[in-house]
Amino acid sequence: MLVFAVLVIAALLTSEVVAGLVSLGVLLPYYAVLYLLRDRMGRRFKFSIQA
């Protein structure tokens, strides 16, 4: 997702710094949704380690 955002924004803007900052801003809603759904996702996924 971040790579796609960087490529699209870099193609539209001339400054790579601005493109990088905007692409990081794109991740904010993604992580906000993950944070809000953390309880539901925690119940759904189960991890185990076998030796």
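For the structure, check the block above.
Every chain begins its residue count from 1, and numbering advances along the sequence as written. Since the coordinates come from a predicted model, pLDDT governs what is reported: local features require at least 70, and pairs of side-chain atoms require 80 or more to be given and counted, while whole-chain, interface and lining totals use all residues. To obtain the side-chain values, all non-hydrogen atoms of the structure were used and water was disregarded.

Undergrad: Describe helix α2 (residues 16–36), listing the residues and the values that go with them.
TA: Runs of H or I in DSSP of at least four residues are treated as helices and runs of E of at least two as strands, each being numbered from the N terminus. How far a helix is expected to stretch is found by multiplying one less than its residue total by 1.5 Å. Here α2 spans 31 Å end to end across 21 residues, near enough to the 30 Å set by a 1.5 Å rise per residue. Where α2 is concerned, the buried positions are Ala 19, Ser 23 and Leu 27. Across the axial projection of α2, the buried residues extend over an arc of 70°, all falling on one side. Within α2, the exposed residues directed more than 90 degrees away from the buried face are Val 17, Leu 21, Leu 28, Tyr 35 and Leu 36. For the exposure calls, accessible area comes from a 1.4 Å probe over protein chains only, and a residue counts as buried if that area is under 20% of its type's maximum, exposed if over 50%, partly exposed in between. By definition, the arc is the one covered by directions from the helix axis to the C-beta atoms.

Undergrad: Residues and numbers for the packing of aromatic side chains, please.
TA: For any pair of aromatic rings, the description consists of the separation of the ring centres together with the inter-plane angle of the planes. Only centres within 6.5 Å qualify two rings of Phe, Tyr or Trp (six-membered ring in Trp) as a pair; their planes then separate them into stacked at under 30 degrees, edge-to-face at over 60, and tilted for everything else. The final tally for this structure, using the stated rule, is 1 aromatic pair. When the centroid spacing of 5.2 Å and the interplanar angle of 70° are considered together, the rings of Tyr 30 and Tyr 31 count as edge-to-face. The lysine or arginine in question, Arg 38, covers the ring of Tyr 35, its NZ or CZ lying 4.0 Å from the ring centre. Whether a charge sits over a ring comes down to the Lys NZ or Arg CZ being within 6 Å of the ring centre and within 35 degrees of the ring normal.

Nothing here speaks to function; it is geometry throughout.
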